[in-house]
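# Structural description and commentary
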Amino acid sequence: MSQPQPSSPPAPTAPPAALAIGPHTVQPPVVLAPMAGITNAPFRTLCREFSGGKGLFVSEMITTRALVERNEKTMQLIHFDASEKPRSIQLYGVDPVTVGKAVRMIAEEDLADHIDLNFGCPVPKVTRKGGGSALPYKRNLLRAILREAVSGAGNLPVTMKMRKGIDDDHITYLDAGRIAVEEGVTAIALHGRTAAQHYGGTADWSAIARLKEHVPEIPVLGNGDIWSAADAVRMMRETGCDGVVVGRGCLGRPWLFGDLVAAFEGRTGEVARPTLRTVADVMVRHAALLGEWIGDESRGVIDFRKHVAWYLKGFSVGSEMRKRLAVTSSLAELRAGLDELDLDQGWPEGADGPRGRTSGNNRVVLPDGWLRDPYDCAGVSAEAELDTSGG
């Protein structure tokens, strides 16, 4: 597979300190954000290849009850390639007992080397049951979950990812950060948006700086609006955070992790600007990896369809061809369609910018009475733990 070629670099920077996640050293301090349906083993493989094996690459969100019950889909999602070190799993749960069981299962069966807890997901099917970014509002429930997780994890480090709060009237991140420190959490990642913002507007990096000041005892990682290596460098400089978590910025751009490594290692001239020919090669490889992982080429190509628009963002590809590529069901069909394009096109201007979902100012769907008392845990039902994985 041909590699993206370098162009204009971000401003040089002194290499940042290594990020410590328990016994694991992450250098440079770059983390792939868990994204449902995206950060499966094949996508992590691509990102890790472009990074030269440097950084931390976290699984997509896993529901704790589905894990405890050994749901077939979930057991596939927690599969790691032999080259993945450390192996990082992100868990979603709202019941302390079930979270504790899931964490102990991971530790006792050596299923991962690091556990991240999701308190940042803003999608309605999660928040309406009190999960994701809704949960930190219930301080005592958050504390109980963290206590069970850290206790059950043994020597495995436990981290957490969260948002600023539910909305501007219900900000939770400072209280949640202090609770995390008190309960033995190893590091915190903060997305500088509320749940109501979803992915709209601009991430509030000043909140990341405030959290770092508020919990100096543990590493704080920043997340939100990192579209380039230069953005990551700037976030660390402006907020004092200990590392960055990259999500939507790498959609259709797994080579962004090569840019990030180069920038944080102080190497100039290494920002990828791949031609469409190179992008097409990566697309076919990504689809092939999915087919190998699923065990069926056609299903792998079908799963890849969601990535097509991200990879082709900004390139001159007609709407009919885009539609055709988005309904392919074999590697040969995908390759043939791509080969009909003008593969000598250079990297489009503006293609490094925002990508993925951008909707904002949403009403957050919550359990009835959720906001009446920030400490009372009533309102969380067993149904919140019944969904299978995927968030």
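Reference entry: report on the structure contained in this document. Values in this document were obtained by computation on a predicted structure and should not be read as measured data.

## As for the overall build of the protein
For the protein, the count of helices and strands is 15 helices and 14 strands. At 20 Å, the protein has a C-alpha radius of gyration in line with the 21 Å of a compact globule built from 391 residues. A principal-axis box enclosing the C-alpha atoms of the protein has dimensions of 60 × 45 × 40 Å. Residue burial in the protein is summarised as follows: out of 391 residues, 59% are buried. With the model as given, the accessible surface of the protein reaches about 15000 Å², and the carbon-plus-sulfur share is 48%.

## Considering the nonpolar core
Soluble globular proteins tend to bury their nonpolar side chains together. By size, the foremost hydrophobic cluster in this structure holds 112 residues, and its most contacted members are Leu 91, Leu 117 and Met 160. Counting residues per element, this core draws most heavily on helix α11 (residues 276-294), at 11 residues. Core analysis: the second largest hydrophobic core is formed by 11 residues, Leu 19, Val 26, Leu 56 and Val 245 among them.

## Describing the state of the cysteines
In this structure the tally under the stated criterion is zero disulfides. Between Cys 47, a free cysteine, and Cys 250, which holds the nearest cysteine sulfur, the sulfur-to-sulfur gap is 4.9 Å.

## Things to note about the packing of aromatic side chains
Two numbers describe a pair of aromatic rings. These are the distance of the centres and the angle of the planes. A full pass over the atoms with the stated rule returns six aromatic pairs. Judged by centre distance (5.8 Å) and plane angle (35 degrees), the ring pair of Phe 304 and Tyr 311 falls under tilted. Here Phe 304 matches Tyr 311 in class, with each residue buried. An aromatic cluster of three or more residues is present, and its members are Phe 50, Trp 255, Phe 304, Tyr 311, Phe 315 and Trp 347.

## A few points about the pairing of strand β7 (residues 114-119)
Most of β7 sits inside the fold, with six of its six residues counted as buried. The two faces of β7 match: His 114, Asp 116 and Asn 118 on one face and Ile 115, Leu 117 and Phe 119 on the other face are all buried. Judged from the four bridges that link them, strand β6 (residues 88-92) and β7 form a sheet pairing that is parallel. Residue pairing in the sheet places Gln 90 in a bridge with Asp 116 of β7. For the crossover from β6 across helix α4 (residues 96-108) to β7, the handedness is right-handed.

## Re helix α7 (residues 173-182)
Owing to its 3.6 residues per turn, the α-helix aligns residues three or four sequence positions apart on the same side. Along α7, the positions that sit buried rather than exposed are Tyr 173, Ala 176, Gly 177, Ile 179, Ala 180 and Val 181. Against the buried residues of α7 lie α6 (139-153), β8 (158-163), β10 (170-171), β11 (187-191) and α8 (205-214). Where α7 ends, the next residue or the one after it, Gly 184, has phi of about 90 degrees, a positive value.

## Let's talk about the side chain of Thr 328
Mapping Thr 328 onto the fold places it in the loop between α14 (319-325) and α15 (331-339). A relative accessible area of 2% means that Thr 328 is categorised as buried.

## Observations regarding the sheet that holds β7
Taken together, eight strands build a closed barrel; the order of strands is β4-β5-β6-β7-β8-β11-β12-β13 and the barrel is parallel. Put simply, the sheet's adjacent strands are angled 25 degrees from each other on average, direction ignored. Where strand β4 (residues 30-32) lies against strand β13 (residues 243-246), three bridges are found, and the strand directions are parallel. Opposite Leu 32, over in β13, you have Val 246 as the bridge partner. Docked against the sheet, α4 engages β6 and β7, running at close to 165 degrees with respect to β6. Across the sheet, helix α10 (residues 256-264) touches β4, β5 (56-63) and β13, and the angle it forms with β4 is around 165 degrees.

Conventions we followed
As a convention, each chain's residues are numbered from 1 in the sequence order in which they are written. The predicted origin of the model limits local features to residues at a pLDDT of at least 70 and limits the giving and counting of side-chain atom pairs to 80 or more, whereas totals for whole chains, interfaces and linings rest on all residues. Side-chain descriptors were evaluated using all non-hydrogen atoms of the structure, hydrogens and water having been removed beforehand. Think of it this way: any DSSP run of H or I at least four residues long counts as a helix, any run of E at least two long counts as a strand, and we number them from the N terminus. Radius of gyration means the value over C-alpha atoms here, while the globule rule gives 2.2 Å times the residue count to the 0.38 power. Exposed residues in this analysis have more than 50% of their type's maximum accessible area, buried residues have under 20%, and partly exposed residues fall in between, with area computed by a 1.4 Å probe over protein chains only. Residue exposure ignores everything except the shown protein chains as possible cover, and the areas themselves are Shrake-Rupley values with a 1.4 Å probe. As used here, the term nonpolar core means buried Ala, Val, Leu, Ile, Met, Phe, Trp, Tyr and Cys residues forming a set that is joined through side-chain atoms within 4.5 Å. The disulfide criterion is simple: two cysteine sulfur atoms within 2.5 Å. The pairing test for Phe, Tyr and Trp rings, Trp by its six-membered ring, is centres within 6.5 Å, and the orientation test on the planes gives stacked under 30 degrees, edge-to-face over 60, and tilted for anything in between. Pairs of strands are assigned from DSSP output, requiring at least two bridges between the strands. Looking down the strands as they point away from the viewer, one classifies a crossover as right-handed if the path from the first strand across the helix to the second runs clockwise. In this description, contact between two residues means that some pair of their heavy atoms is separated by no more than 4.5 Å. The convention used is that axes are lines fitted to C-alpha atoms, helices contributing only their stretch in contact, and that angles between N-to-C directions extend from 0 to 180 degrees.

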